[in-house]
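Residue-level listing of the chains:
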Amino acid sequence: MSPLEIGGFVAALAMGVVLGLVGAGGSILTVPILVYLFGLLPSHATGVSLAVVGGVALIGAGMAWRKGQFDGKAAFVFGLPSVVVAFLIRRWLMPILPESFGVLSKDSVLLILFATIMFVAAKAMLSKRVAREDQETGFIHWLAGGVGAGLITGVLGAGGGFVIVPALNAGMGLPMRKAIGTSLAVIAMNSAAGLVAEWLIRSPIQWGLAAKVGGVALIGMALGMSLQSQIPGNGLKKGFGFLIILVALFILGQEFFGTR
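This write-up is about the structure you can find in this document. (Residues numbered from 1 in each chain as written. Predicted model: local features only at pLDDT ≥ 70, side-chain atom pairs only at ≥ 80, totals over all residues. Heavy atoms only, no water.)

**What to know about the overall build of the protein chain**
Consideration 1: Tallying secondary structure elements over the protein chain gives 10 helices and 2 strands in all.
Consideration 2: Secondary structure elements of the protein chain, listed N to C terminal, follow the sequence α-α-α-α-β-β-α-α-α-α-α-α.
Consideration 3: Taking all 260 residues of the protein chain together, 50% fall into the buried category.
Consideration 4: Across the protein chain, the fraction of contacts at a sequence separation of at least 24, relative to all contacts at a separation of at least 6, is 83%. (Helix = DSSP H or I, 4+ residues; strand = E, 2+ residues; numbered from the N terminus. Buried < 20%, exposed > 50% of the residue type's maximum accessible area, 1.4 Å probe, protein only. Contact = heavy atoms within 4.5 Å.)

**Quick notes on the pattern of salt bridges**
Consideration 1: Counted under the stated rule, the structure contains 1 salt bridge.
Consideration 2: A salt bridge links Arg 90 to Glu 198; its shortest N-O distance comes to 2.9 Å. In this pair, Arg 90 sits in helix H4 (residues 72–93) while Glu 198 sits in helix H8 (residues 176–200), placing the two residues 108 residues apart along the sequence. The burial state of Arg 90 is the same as that of Glu 198; both residues are buried. (Salt bridge = Lys/Arg side-chain N within 4 Å of Asp/Glu carboxyl O.)

**Digging into helix H3 (residues 42–66)**
Helical geometry note: an α-helix holds 3.6 residues per turn, so side chains three or four residues apart project in the same direction.
Consideration 1: The terminal C-alpha atoms of H3, which comprises 25 residues, lie 35 Å apart, in line with the 36 Å expected from a rise of 1.5 Å per residue.
Consideration 2: Backbone geometry just downstream of H3 places Gly 68 in the positive-phi region, at approximately 80°. (Expected span 1.5 Å × (residues − 1).)

**Considerations on the packing of H4 against H8**
Consideration 1: Packing of H4 against H8 leaves a shortest axis separation of 8 Å and a crossing angle of 25°. Comparing the axis directions of H4 and H8 gives the class roughly parallel. The handedness of the crossing between H4 and H8 comes out as right-handed. Contact residues: Ala 74, Ala 75, Phe 78, Gly 79, Leu 80, Ser 82, Val 83, Phe 87, Arg 90 and Arg 91 in H4; Thr 182, Ala 185, Val 186, Met 189, Asn 190, Ala 193, Gly 194, Val 196, Ala 197, Glu 198 and Leu 200 in H8.
Consideration 2: Across the contact of H4 with H8, the residue classes break down as 13 nonpolar, 5 polar and 3 charged. (Axes fitted to C-alpha atoms, helices over the stretch in contact; angles between N-to-C directions. Parallel < 35°, antiparallel > 145°, perpendicular 65-115°, else oblique. Left-handed = near helix turned anticlockwise from the far one by under 90°. Nonpolar A, V, L, I, M, F, W, Y, C, P; charged D, E, K, R; others polar.)

**Here's the deal with the packing of aromatic side chains**
Consideration 1: Under the definition given, this model contains 3 aromatic pairs.
Consideration 2: Pairing Phe 9 with Phe 38 gives two aromatic rings, centres 5.2 Å apart and planes at 75°, and the pair type is edge-to-face. A residue pair is termed long-range when its members are at least 10 positions apart, and Phe 9 in helix H1 (residues 3–22) and Phe 38 in the loop between helix H2 (26–36) and H3 qualify at 29 residues. No difference in accessibility class separates Phe 9 from Phe 38, as the two residues are buried.
Consideration 3: Where Phe 87 meets Trp 92, the ring centres are 6.0 Å apart and the plane angle is 85°; that geometry is what we call edge-to-face. (Phe/Tyr/Trp six-rings, centres within 6.5 Å; stacked < 30°, edge-to-face > 60°.)

**Things to note about helix H9 (residues 207–228)**
Consideration 1: Spanning 22 residues, H9 covers 30 Å between terminal C-alpha atoms, matching the ideal 32 Å at 1.5 Å per step.
Consideration 2: Turning to H9, its buried residues are Leu 209, Ala 210, Val 213, Gly 214, Ala 217, Gly 220, Met 221, Gly 224, Met 225 and Gln 228. Taken down its axis, H9 places every buried residue within 140° of arc, on the same side. Among the exposed residues of H9, those oriented more than 90 degrees off its buried face are Ala 211, Lys 212 and Ile 219. (Arc of directions from axis to C-beta.)

**Details of the nonpolar core**
Consideration 1: Among the nonpolar cores identified, the biggest contains 67 residues, and Ile 28, Phe 38, Phe 78, Met 118, Leu 168 and Ile 251 are the most heavily contacted of them.
Consideration 2: Tallying contributions element by element places H3 first for this core, with 10 residues. (Core = buried A, V, L, I, M, F, W, Y, C linked by side-chain atoms within 4.5 Å.)

**Considerations on the environment of Ile 28**
Consideration 1: Positionally, Ile 28 belongs in helix H2.
Consideration 2: Judged by relative accessible area, Ile 28 falls into the buried class, the value being 2%.
Consideration 3: For Ile 28 and Leu 156, which are 128 residues apart along the polypeptide, the C-alpha to C-alpha distance reads 9.9 Å.

**Description of a nonpolar patch on the surface**
Consideration 1: Residues Phe 76, Leu 80, Val 84, Leu 88 and Trp 92 make up a contiguous nonpolar surface patch of about 520 Å² in total accessible area.
Consideration 2: Relative to the elements of secondary structure, Val 84 occurs in helix H4. (Patch = residues over 30% accessible without salt bridge, like charges linked within 9 Å, V, L, I, M, F, W, Y side chains within 5 Å. Areas by Shrake-Rupley, 256 points an atom, 1.4 Å probe, with all protein chains shown as cover.)

**Regarding the environment of Leu 218**
Consideration 1: Of note, Leu 218 is situated in helix H9.
Consideration 2: By relative accessible area, which is 29% here, Leu 218 ends up partly exposed.
Consideration 3: In this structure the C-alpha to C-alpha distance between Leu 218 and Val 53, which are 165 residues apart in sequence, comes to 9.3 Å.
Consideration 4: Beyond its immediate chain neighbours, meaning those up to four positions away, Leu 218 contacts Val 56 and Ile 59.

**Brief notes about the environment of Ile 244**
Consideration 1: Positionally, Ile 244 belongs in helix H10 (residues 233–257).
Consideration 2: For the pair Ile 244 and Ala 115, spaced 129 residues apart in sequence, the C-alpha to C-alpha distance is 8.7 Å.

**What about the packing of H3 against H9?**
Two quantities define a packed helix pair, namely the angle between the helix axes and the distance between the axes.
Consideration 1: Remark: H3 packs on H9, axes separated minimally by 9 Å, with the N-to-C direction vectors making an angle of 30°. In this structure, the crossing between H3 and H9 has a hand that is right-handed. On H9, the residues touching Val 48, Ala 51, Val 52, Val 56, Ile 59, Gly 60, Met 63 and Ala 64 of H3 are Trp 207, Ala 210, Val 213, Gly 214, Ala 217, Leu 218, Met 221 and Met 225.
Consideration 2: Across the contact of H3 with H9, the residue classes tally to 14 nonpolar, 2 polar and no charged.

Laid out in structure tokens, this is it:
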């Protein structure tokens, strides 16, 4: 095992901790880990990421449900349009995209788009807007949020948690910890839809690597969820927001100045 692969498994452990703490960030960290530490192409890393994050998120959602940190209505109404959009995009749009866009390859474009959306999500998490538990939101807001998360999953192969958590918390008024638990369920649904689409188009997925990375991440997630109650919800939001910015800057630095 090379030093980079060892670093990859250490990073996967940290990714699990983040996913357990904030209910998001799994795909944000998993895709760069698979690309920069395990050497996968971004177009291949997204499929492995869906398998890793989807499986870990499903177990995490079950743990959150047992703790009462889960909103079934939000998971269904937000998750349903998200799943449909994610499946349609990965099944029919992604396979027909060209391999290059001018001087940039499709893989580079995906990573740059990934980083750009991360900055938007970070802004939402660092916003001083206070979510209210009694806040009323119309169905159109839930629908729009679900479609947006589906777009993220479909185009980037990410679970969409870095969009789902801000939407549920700052946009729809769920308490932070309930937004985290609900986000894990939606991530699992999105990831499953993406994997079904990958299977239908016969896209290769390295299941062995996914199982190894997922197993390490699961250990990290259990640790993260055990630490969650010791950290204030507002602290989780800010910490996650700054983490997103750091990873986005790293991705942009690698794509524009690195030698991957």
